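What follows is each chain in one-letter form.
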Amino acid sequence: MFLGKAGFSSLYSLADEPIRKTSHRLSKPLVGDDGRIYACSERNFFAFESNGTISWTAHLNYTCNTGMAPVQGGKANIYLVAENRVLKINISDTGTSDSAAEVFFGPQPGQGSPGDIIGLSVSTSLSSVFINVKNRGLFAFSLCGQLLWSAGPMLYQFGYRQGCKKNATDCYFTSVPVIDLCEASVYISNTDGELYSLSVRSPHFRWVQDFGSYDKMFTITAGNNGRLYVTIPVKSLVFALDVFTGNVLWQNSIGPLSTTECAPVVDSNGWISIGSLDGFLYSLSPTGALKKFPRTARLDSVIQVNPLLDCSGYAVYVAQTEMEGKMSRTIGEYTYISAMKPRTVVFTMMVPATGSIYWSQSYAGVFSSLLSDSDLHHFVLDERILLAFAAASKTGNPLPCRTIRQKLASTCSQAKPKCLSIYTGNERAILLFLLFESAVLIILAGLVRFCFIFWRKKKIQGQNLGNFLEKRRSLQLKRKVFGRTITELEQKAAEEAVSNEVLEELSNLVREKEGIEKKLSTTYSLGRDRAGGLRSKSLLPLYDGKSRSYSIQGSKKESVTIFHTLSDTSSGETSGERETSWNFDEDKQSAVIAKDKGKAKADRAVEVGSSNDDEASEEKDEGSPSGPSSSSRGFNKPFFVEHALDEPKEMKMHVEGEVESKEDGSGSTWLKRRRTFSSAN
C-alpha cells in the first residue's frame with residue numbers, strides 16, 4: 001500500500017478477527033462537550049459513552065454520509081448530513097425515536113434534490129448554520145431554519161468581479177465552511193484555489209486570497225487567535241494568515257501527509273499540530289517556530305489521522321501506527337511512502353507548547369481490552385475511532401476540563417488586531433491633501449463666522465457690501481495719513497516753538513481724525529472697532545476770550561499746555577528761562593502754580609471739552625484724552641491755563657505729568673513736574 005503526497009492512504013482495522021468480519025462502519029466521530037462520542041452508521045445515529053457502550057440510538061429515515069462527521073449545535077442538538085439533507089437531532093430525547101431526527105435543510109419527500117452538500121458548520125454563539133451546496137453556493141440559516149443570506153463564489157462590487165478570476169463558468173465552493181468565533185468570520189475555498197473571508201452577518205467578501213499557484217485543494221483551520229491556517233497536503237506546507245487582511249504572516253514545511261483532508265488542530269496556547277507519514281507530530285508556535293515529536297521516531301511508524309484536543313484545550317491526543325515495514329522515496333516534488341500492514345497503535349497525550357507527555361499506551365494494553373468488550377465489537381474500528389474514544393475517556397489526563405467559552409476567552413485574547421489605514425496611496429500626497437482640506441475647512445469656518453456675526457447687522461442690510469467695505473477701507477487709509485501727519489506736527493511742537501497757524505492746523509487734523517475713528521467705530525464698524533481704542537495724541541485749542549492755548553496729551557499721562565496771552569508790557573524773563581518745581585501732596589491731585597519773584601497767583605482752571613465728528617454727533621467719549629474735564633484738582637485732568645492780568649504780554653508753555661511715584665513721610669504718593677517757557681511777544 002502506498003501512502004504519500006499523492007493521496008493514496010488506507011486505514012486498517014485493528015480489532016480482533018471477529019470484529020474485522022463485521023460490515024458496519026461508523027462515520028467520522030464527534031467528541032461532544034458532554035464527553036460522549038457521536039457517529040452514524042447507515043440509517044442509525046449512535047451516542048457512545050467513553051467506555052464504548054451505546055448510550056442511545058436514533059433511527060434516521062435517510063442514509064448518513066460516513067465521510068462527514070456530525071456537528072454539535074449547542075447542548076441539545078446535533079446536525080449531520082444524510083442523502084443531501086441536513087438533519088437535526090434533539091439529543092435530549094434518549095433511546096430510539098423517529099421523532100428525534102428532523103429535516104433542517106433539504107427537499108421534502110417527493111421533491112427534487114437541491115444538490116450535493118459539501119460542508120456543514122454550526123455556531124450556537126453566532127446563532128447560525130452554514131451549508132455549502134455544490135454549484136449553488138453558501139447558505140446561512142438561523143438556528144430555527146430561517147434563511148439569512150446566500151453567497152456565490154463570484155461577487156460584483158463597484159464594477160469589479162471578486163472571486164473566480166481564472167474560471168467563471170465552472171467555479172464553485174469546494175470546502176467545508178470554517179467559522180472563526182472570535183472574529184465572527186466564515187472561510188471557504190473554491191475550485192480555483194481561492195480562499196474567501198466573509199462576515200457571518202452578510203454575504204460580502206472581506207478579502208480573497210489566491211493559493212492556486214500552490215494547489216487547488218487545501219484545508220482551512222481557524223485559530224481563533226487572530227490567525228487562519230491553510231494546509232496544502234500536496235506541498236506539505238502550512239501557512240499562517242492574518243484574519244483581518246488575508247496576508248500571509250509565515251509559512252513552514254512539514255512532513256508528507258496521508259490525504260488531502262489532513263488538517264491541524266489549534267490548542268489554547270496557540271500552537272498548531274499535525275501528524276505526518278514520517279512518524280512525527282509537527283507542532284508550530286503562533287510565530288512559526290517548529291517542534292517535532294517524538295524526538296526520535298521509529299522508522300516503521302506513521303501518523304495517518306488528525307490529532308484531537310483534550311477537554312482542557314491545552315493538550316492533544318495523537319495516534320502513531322507502527323507498520324511491519326515502510327519504504328520512502330521522492331520523485332520530483334512528491335514523496336511516496338509504502339508500508340505493510342500495521343502491527344499496533346500507540347496513543348499519546350502531550351502538550352505541544354512544553355513538550356510534556358502525560359500519557360502513552362499501545363492498543364494492545366488495558367485500554368484496547370476495555371473497548372473490545374464493549375458495544376464497539378459490532379463495528380469496524382480504525383485509528384480515527386480509537387483516538388476519539390481515547391480523548392473522550394480522559395485516560396491519563398491530569399488537566400482540568402474547561403468549557404467552550406473558557407477556551408475561546410484564552411485564545412481570542414491572543415489576537416492583536418491591526419489598525420488599518422483607509423488610504424493606500426502616496427503618503428506625501430495624502431498629507432498634502434489633508435493639509436489642503438484643513439485649510440479649506442478653516443476658510444469656510446471663517447466665512448461662516450463672518451456671516452453669522454457681521455452680515456446680520458442692520459446697518460448693512462439692504463446695502464451693497466462691496467461699497468460698504470470700500471468706504472471702510474478708504475476711512476482707514478485716511479486715518480493712517482492723519483495719524484502720521486499729527487505725529488510729525490506734535491513732535492515739532494514739542495521740540496520748538498511753532499506758529500498759531502501750525503497749531504490750528506494740528507487741532508483741525510485731530511478733530512478730523514477723531515471723526516473718522518468715530519465713523520469706523522459706529523457707522524462703518526464690523527464689530528471689531530472700539531471708539532478711541534487706537535486714538536493718537538490729541539491737540540485741542542483752549543480759548544477763554546483773552547488768551548488762546550493748545551493742550552497736548554501724550555501716551556504716558558503727560559500733558560503739555562501752550563497758551564498765548566496779550567499784554568502791553570514785556571516780561572523781564574528771557575526766552576531761555578526754564579523753571580521746574582516738584583510738589584508732593586496726597587490730598588491734592590492738581591494745582592495751578594505761577595511763579596513771579598515770589599508772588600504766585602492762580603487765576604483759574606479751564607475746562608475744555610472735545611468736539612464732535614464730521615457727522616455732528618453729540619455723543620461724548622469720557623475715556624478720550626480730548627474729552628471734557630472739570631476739576632480744580634486736576635492731576636488727572638491735564639488741561640489748564642494760567643493767566644496773570646498784571647503780567648506783560650508773553651507766551652508761556654507749561655508741561656506737567658507724572659514723573660515718579662513716591663511716598664514720603666507725610667504720605668504723599670505723587671510727583672508733578674512743571675516746565676515754563678516764556679518768550680516776549
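Residues numbered from 1 in each chain as written. Predicted model: local features only at pLDDT ≥ 70, side-chain atom pairs only at ≥ 80, totals over all residues. Heavy atoms only, no water.

**Here's the deal with the environment of Asp 170**
Okay, so step 1: Looking at the secondary structure, you find Asp 170 in the loop between strand S15 (160-162) and strand S16 (178-180).
Okay, so step 2: A C-alpha to C-alpha distance of 8.2 Å links Asp 170 and Asn 135, two positions 35 residues apart in sequence. (Helix = DSSP H or I, 4+ residues; strand = E, 2+ residues; numbered from the N terminus.)

**Comments concerning the sheet that holds strand S12 (residues 137-142)**
Okay, so step 1: The four strands are arranged S10-S11-S12-S13 in an open sheet whose pairing can be described as antiparallel. Because the sheet does not close on itself, it has two edges, and the strands there are strand S10 (117-123) and strand S13 (147-151). With strand direction ignored, the average angle separating the axes of adjacent strands in the sheet is 15°.
Okay, so step 2: In this structure, S12 lies alongside S13, joined through four bridges in antiparallel fashion. By the bridge assignment, Phe 141 is partnered in S13 with Leu 147. (Pairing = 2+ DSSP bridges. Axes fitted to C-alpha atoms, helices over the stretch in contact; angles between N-to-C directions.)

**Section: the pattern of salt bridges**
Okay, so step 1: If you walk through the whole model with that rule in mind, you get five salt bridges.
Okay, so step 2: For Glu 49, the salt bridge identified is with Arg 36, shortest N-O distance 3.3 Å. Pair noted here: Glu 49 is in the loop between strand S4 (44-48) and strand S5 (54-59) and Arg 36 is in the loop between strand S2 (30-31) and strand S3 (37-41), with a separation of 13 residues, a long-range link.
Okay, so step 3: Using a relative accessible area of 27% as the deciding quantity, one classes Glu 49 as partly exposed.
Okay, so step 4: Using a relative accessible area of 22% as the deciding quantity, one classes Arg 36 as partly exposed.
Okay, so step 5: Put simply, Glu 83 and Arg 43 hold a salt bridge, and the shortest N to O gap is 3.7 Å. Of this pair, Glu 83 sits in the loop between strand S7 (77-81) and strand S8 (86-90) while Arg 43 sits in the loop between S3 and S4, and the two are 40 residues apart along the sequence. (Salt bridge = Lys/Arg side-chain N within 4 Å of Asp/Glu carboxyl O. Buried < 20%, exposed > 50% of the residue type's maximum accessible area, 1.4 Å probe, protein only.)

**Examining the nonpolar core**
Side chains of a nonpolar character, in soluble globular proteins, are inclined to be buried together.
Okay, so step 1: One finds Leu 26, Phe 48, Phe 347 and Phe 389 to be the most contacted residues of the largest nonpolar core, which totals 26 residues.
Okay, so step 2: Of all elements in the fold, only S3, S4, strand S30 (316-323), strand S33 (342-351) and helix H3 (383-393) reach the threshold of two or more residues within this core.
Okay, so step 3: The leading source of residues in this core is H3, at seven residues.
Okay, so step 4: Here Leu 26 is in contact with Ala 39, Cys 40, Ser 41, Phe 46, Phe 48, Phe 379 and Ile 385, once residues within four sequence places are set aside.
Okay, so step 5: With 18 residues, the next largest nonpolar core counts Tyr 38, Phe 45, Ala 58 and Tyr 62 among its residues. (Core = buried A, V, L, I, M, F, W, Y, C linked by side-chain atoms within 4.5 Å. Contact = heavy atoms within 4.5 Å.)

**Focus on the packing of aromatic side chains**
Okay, so step 1: Applying the stated criterion across every chain, the model contains 21 aromatic pairs.
Okay, so step 2: Taking 6.3 Å as the distance between ring centres and 55° as the angle between the ring planes, the aromatic pair formed by Tyr 38 and Trp 56 counts as tilted. Of the two residues, Tyr 38 is situated in strand S3 and Trp 56 in strand S5; the sequence distance between them amounts to 18 residues.
Okay, so step 3: Using a relative accessible area of 0% as the deciding quantity, one classes Tyr 38 as buried.
Okay, so step 4: A relative accessible area of 2% means that Trp 56 is categorised as buried.
Okay, so step 5: Summarising the aromatic geometry, the rings of Tyr 79 and Phe 104 are spaced 5.5 Å apart at their centres and angled 85° between planes, so their arrangement reads as edge-to-face. Separated by 25 residues along the polypeptide, Tyr 79 in strand S7 and Phe 104 in strand S9 (residues 101-105) bring together distant segments of the chain.
Okay, so step 6: Counting every residue linked through ring pairs, the aromatic cluster contains Tyr 79, Phe 104, Phe 105, Phe 139 and Phe 141.
Okay, so step 7: Of note, Lys 292 hangs over the ring of Phe 280, and the distance from its end group to the ring centre comes to 4.3 Å. (Phe/Tyr/Trp six-rings, centres within 6.5 Å; stacked < 30°, edge-to-face > 60°. Lys NZ or Arg CZ within 6 Å of the ring centre and 35° of its normal.)

**Structural notes on the side chain of Glu 183**
Okay, so step 1: Along the chain, Glu 183 falls in the loop between S16 and strand S17 (185-189).
Okay, so step 2: This buried residue, Glu 183, is left without a salt bridge; Arg 206 holds the nearest opposite charge, at 5.8 Å. (Lys, Arg positive; Asp, Glu negative; His and termini not counted.)

**Structural notes on the pairing of strand S31 (residues 326-331)**
Okay, so step 1: Burial of S31 is sparse: only zero of the six residues sit out of reach of the surface.
Okay, so step 2: As paired strands, S31 and strand S32 (residues 334-339) are joined by six bridges and run antiparallel to one another. Bridge assignment links Thr 330 to a residue of S32, and that residue is Thr 335.
Okay, so step 3: Counted along the chain from S31 to the antiparallel partner S32, the turn is two residues long, and its residue Gly 332 has a positive phi close to 65°.

**Digging into the sheet that holds strand S20 (residues 219-222)**
Okay, so step 1: Strand order in the open sheet made by the four strands is S20-S21-S22-S23, with antiparallel pairing throughout. With one partner strand each, in any of the chains shown, S20 and strand S23 (248-253) form the two edges of the open sheet. With direction set aside, neighbouring strand axes in the sheet form an average angle of 20°.
Okay, so step 2: In terms of strand pairing, strand S21 (residues 227-232) meets strand S22 (residues 237-242) through six bridges, oriented antiparallel. Looking at S22, one finds that Val 230 is bridged to Phe 239.

**Things to note about the state of the cysteines**
A covalent bond bridging the sulfur atoms of two cysteines is what the word disulfide describes.
Okay, so step 1: Summed over the entire model, instances satisfying the criterion amount to four disulfides.
Okay, so step 2: Disulfide pairing places Cys 40 opposite Cys 64 at an S-S distance of 2.3 Å. Judged by the torsion about the S-S bond (105°), the Cys 40/Cys 64 disulfide is right-handed. Linking Cys 40 in strand S3 with Cys 64 in the loop between S5 and strand S6 (71-73), this pair joins segments that are 24 residues apart in sequence. Pair check on accessibility: Cys 40 and Cys 64 agree, each one buried.
Okay, so step 3: Disulfide pairing places Cys 182 opposite Cys 412 at an S-S distance of 1.5 Å. The S-S bond linking Cys 182 to Cys 412 shows a torsion near -75°; that makes this disulfide left-handed. Taken together, the residues span a long stretch of sequence, with Cys 182 in the loop between S16 and S17 and Cys 412 in helix H4 (residues 404-412) at a distance of 230 residues. (Disulfide = S-S within 2.5 Å.)

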